[in-house]
Amino acid sequence: MARKLLLTHIDVPGIETFDVYRKQGGYRAVEKALKTMTPDDVVEEVKKSGLRGRGGAGFPTGMKWSFLAKPEGVPRYLVCNGDESEPGTFKDRFLMTKIPHALVEGMIVSSYALGAHTSYIYIRGEMMPQIRIVERAIAEAKAAGFLGKNILGSGYDLEIYVQPGGGAYICGEETALLESLEGKRGNPRIKPPFPAVAGLYGCPTVVNNVESIAATVPIINDGAEEYAKIGIERSTGTKLISASGNLVRPGVYEIELGLPVEEFIYSDEYCGGIANGKRLKAMVAGGSSVPILPNNLATKTAKGEARLMTYESLADGGFVTGTAMGSGGFIAFDEDQCIVRNTLNFTRFYHHESCGQCSPCREGTGWMEKVLHKIEYGRADVADIDLLWDIQRKIDGNTICPLGDASAWPVASAIRHFRDEFEWHILHPEEAQQRNFGLAHYADPLTPVV
Amino acid sequence: MLSVQENMMVEFTPALLEQFGDVVARYPAERQKSALLPILHLVQAEYGWLSVDAMDKVAYYLRIKPIEVYEVASFYTMFFLQPKGKYVLEICRTGPCCLVGAERIMQHIETRLGVSEGEVTADGLFSWRGVECVAACGFGPVLQIGPAYTFYENLTEASVDQLIDDLKEKAKNQ
């Protein structure tokens, strides 16, 4: 059995309540940090652990913390990013539902490390049940003296508030999230300045993912060295992987980084193989924005080595024969799935979610959707595949935030690995038009969005 | 001191205003605009949608310009600027849910309710629409219903029928 750090007590009845969580050793990290460590000690410990941001970018968390500006007389903020909206990713929703105190405890430890006295947990608005759960956990922690004034007699004060989003994927981008938290449209800001210098209300701010914040608890409890012993190379610790698509057992799994992809898909401890006895056709490892890989590159690298669940191994081969860990949103496609249709679906998502601030993203995502719609329904010609390739290249790297890149990579990788499927739609227009996945028609991108 | 103008058409109840006050207290002084999204959620939960009158009154309460409310309300997909059915069935239509049959479920709901996406049934009870990823991909197909955003997972055509029947029954008894 793999070692678990975040989901250790997931099956304990009532673990979502303070009393049960506390009985299982909860809030020890707060006691240890506030009573025996300075804030800098906590930052140093997180740095040494090798923890990398679990939201998608994989930037070292401790290093991000150490960039925080500390001007005199200016408040600092910690903002937790719980705006989970990446297709394929649902680990944070799971964590907040099942063990909300792991997040609250991590928030207290992290806020202490950063010298923040007011922290916000931004949770996507649709997760109203999770918002209520986390708010209840905060109230319980406060009633027990772990929040508020002079926590545990340490002289440290902290309040945590939950902020609901309004339904916009772009608010998962840290500067768009801050704009939203300030009561505005979620338009990303140009960086620099980075939030560490000018974030919420223009003050130094750290934005961390739910899972990253929860991971600080075992790091403080057991020490950085113990944490870093798990995993390999520069991928230390455990990672929550949310698995969906055509799998026998989709769900959220905590893995030790370094697990072979093949074992994750086929072993009974995890996904149990491809559903309905079918074969794997393709996989997405880290949410819809990372490149899709065909079967032969899903479990093996281009060099023929076993592909591992690590930041390095998944990325091996760059974006030509590799992919990325991203948010850990693992999607499996069986042999009956249509890659073109899925690419159209993902592209519609990015078009819908583009904030409209940058022209390449605003216009390009819609243009890609139109071309993909034509291809899917056999109304295109072969030149349209090259046109699609050209459009995604013009979006990639040319926008303020990474949503543009995120829209381009699935298209590029689908064409790179499954060009024959794009051509099939064009060469067999009647068969393409006759396919029916349930809806008599797939909304034409020219139809107004309801 | 924040207050509400008296002579507008929408009257926020004292209970709602108390909730507004609790929200505003979460932010530093003069940063009350941060309360805009939470307050719009509260107003929509109370009235079912956001009328111009209601948005104007929120603007007045938060001491910001009405346009600042309109631009936010129209940017985020959760806010309805037109009346909808009492129950809005929001079905996830993004990749992972579609891999396990979300499109069939959407078709079934359209047929069962007899209205197109975004329309309201004649009895005023239901609307439906496809929404983008709601972060429950492993339990798809999924739908959600506001204002509490209750999730219904692993949908089948039979479970959707049952849900619609239950909601009709619930409405009858209210």
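In this text the structure is predicted, and so the values were computed from the model without any measurement.

Moving on, we come to the overall build of chain B. A tally of helices and strands in chain B yields seven helices and four strands. Reading chain B from its N end, one meets helices and strands in the order α-α-α-α-β-α-α-β-β-β-α. Its C-alpha atoms give chain B principal-axis dimensions of about 55 × 35 × 25 Å. The proportion of buried residues among the 174 residues of chain B is 54%. Relative to all contacts within chain B whose residues are 6 or more apart in sequence, the contacts with residues 24 or more apart total 62%. In the form shown here, chain B has an accessible surface area of approximately 7,600 Å², with 52% of it arising from carbon and sulfur atoms.

Across the contact, 62 residues belong to chain A and 47 residues belong to chain B. Contact between chain A and chain B buries roughly 4,300 Å² in total, counting both sides, with carbon and sulfur atoms accounting for 59%. The salt bridge involving A:Arg93 is made with B:Glu153; its shortest N-O contact spans 3.1 Å. Joining chain A to chain B, the criterion identifies 21 residue pairs in polar contact (both at pLDDT 80 or more). Top contributing element to the side of chain A that touches chain B by residue count: helix α15 (residues 339-353) of chain A, with eight residues. When the residues that make up the side of chain A that touches chain B are grouped by side-chain class, the tally is 29 nonpolar, 21 polar and twelve charged.

With that settled, consider the packing of helix α5 (residues 91-98) of chain A against helix α7 (residues 128-143) of chain A. Residues and elements named next belong to chain A. Axis separation between α5 and α7 bottoms out at 8 Å; the angle between their running directions is 45°. Accordingly, the angle class assigned to the pair α5 and α7 is oblique. Between α5 and α7 lies a crossing of left-handed hand. Within the contact between the two elements, α5 uses Arg93, Met96 and Thr97 and α7 uses Gln130, Ile133 and Val134. Looking at side-chain class alone, the contact of α5 with α7 contains three nonpolar, two polar and one charged residues.

Before going further, it helps to examine the nonpolar core. Counting residues in hydrophobic clusters, the biggest one holds 120 residues, and the most contacted among them are A:Ile121 and B:Ile39. Two domains each provide a minimum of three residues to this core, namely domain 1 (14-75) and domain 2 (87-172) of chain B. Apart from residues lying up to four places away in sequence, A:Ile121 is in contact with A:Cys80, A:Leu103, A:Met107, A:Val134, A:Ile138, A:Ile160, A:Tyr161, A:Val162 and A:Gln163. Ranked by size, the runner-up nonpolar core spans 28 residues in total, among them A:Ile339, A:Leu372, A:Ile395 and A:Phe422.

Residues and elements named next belong to chain B. Counting buried positions over the six residues of strand β1 (residues 87-92) gives six, a clear majority of the element. On β1, burial covers both faces: Tyr87, Leu89 and Ile91 on one face and Val88, Glu90 and Cys92 on the other are all buried. Sheet topology places β1 next to strand β3 (residues 143-145); three bridges connect them, and they run antiparallel. Each bridged residue has a counterpart across the sheet, and for Glu90 the counterpart in β3 is Gln144.

Of all residues in chain B, 95% attain a pLDDT of 70 or more, and the chain-wide mean is 93. With a pTM of 0.95, the predicted complex shows an ipTM of 0.94.

Moving on: the packing of helix α16 (residues 359-376) of chain A against helix α17 (residues 383-395) of chain A. Residues and elements named next belong to chain A. Between α16 and α17, the least distance of the axes is 10 Å, while the angle of their chain directions is 160°. Taken together, the axes of α16 and α17 are roughly antiparallel relative to one another. Crossing of α16 over α17 shows left-handed handedness. Contacts from Pro360, Cys361, Gly364, Thr365, Trp367, Met368, Val371, Leu372, Lys374 and Ile375 in α16 reach Asp384, Ile385, Leu387, Leu388, Ile391, Gln392, Lys394 and Ile395 in α17. A class-by-class count of the residues in the contact of α16 with α17 yields twelve nonpolar, three polar and three charged.

In this section: unusual backbone geometry. The omega angle of the peptide bond from B:Gly140 to B:Pro141 is -5°, so this bond is cis rather than trans. Its location among the elements puts B:Pro141 in the loop between β2 (126-131) and β3. Backbone torsion omega between B:Gly146 and B:Pro147 reads 0°, so that peptide bond is classified as cis. As for its position among the elements, B:Pro147 is in the loop between β3 and β4 (150-152). A positive phi is found at A:Leu152, a non-glycine position, where the angle reads about 55°. Of note in this structure, B:Arg63 is not a glycine but carries a positive phi near 55°. We classify B:Arg63 as partly exposed; its relative accessible area is 45%.

Attention now moves to helix α3 (residues 39-49) of chain A. Residues and elements named next belong to chain A. Residues Val42, Val43, Glu45, Val46 and Ser49 constitute the buried set of α3. Along the axis of α3, the buried positions cluster into a sector of 160°, meaning they face one direction only. Relative to its buried face, α3 has exposed residues pointing more than 90 degrees away, namely Asp40 and Lys48. Contacts from the buried residues of α3 go to α2 (28-36), α4 (61-66), α6 (100-114), α9 (210-222), α10 (224-229) and β6 (235-236). Within two residues after α3, Gly50 carries a phi angle of roughly 80°, on the positive side.

Buried accessible area, meaning the area lost when the parts come together, often serves as the stated size of an interface. By the assigned domains, chain B splits into domain 1 (14-75) and domain 2 (87-172). Between the C-alpha centres of domain 1 of chain B and domain 2 of chain B the distance comes to 28 Å.

Residue and element names in this part refer to chain A. Evaluated as defined, the whole model comprises 43 salt bridges over all chains. Residues Glu126 and Arg124 are paired through a salt bridge, measuring 3.2 Å at the closest nitrogen-oxygen approach. On the basis of relative accessibility, which here comes to 6%, the residue Glu126 falls in the buried class. For Arg124, a relative accessible area of 5% translates into the label buried. Here the salt bridges share partners, and the residues they tie into one network are Lys64, Glu173, Glu174 and Lys191.

Criteria and thresholds
- Residues numbered from 1 in each chain as written.
- Chains lettered and ligands numbered in written order.
- Predicted model: local features only at pLDDT ≥ 70, side-chain atom pairs only at ≥ 80, totals over all residues.
- Heavy atoms only, no water.
- Helix = DSSP H or I, 4+ residues; strand = E, 2+ residues; numbered from the N terminus.
- Buried < 20%, exposed > 50% of the residue type's maximum accessible area, 1.4 Å probe, protein only.
- Contact = heavy atoms within 4.5 Å.
- Areas by Shrake-Rupley, 256 points an atom, 1.4 Å probe, with all protein chains shown as cover.
- Buried area = accessible area lost by both parts, 1.4 Å probe.
- Salt bridge = Lys/Arg side-chain N within 4 Å of Asp/Glu carboxyl O.
- Polar contact = N/O pair within 3.5 Å; in protein donor to acceptor, adjacent residues only side chain to side chain.
- Nonpolar A, V, L, I, M, F, W, Y, C, P; charged D, E, K, R; others polar.
- Axes fitted to C-alpha atoms, helices over the stretch in contact; angles between N-to-C directions.
- Parallel < 35°, antiparallel > 145°, perpendicular 65-115°, else oblique.
- Left-handed = near helix turned anticlockwise from the far one by under 90°.
- Core = buried A, V, L, I, M, F, W, Y, C linked by side-chain atoms within 4.5 Å.
- Domains from an automatic or database assignment.
- Pairing = 2+ DSSP bridges.
- pLDDT = per-residue confidence, 0-100.
- Arc of directions from axis to C-beta.

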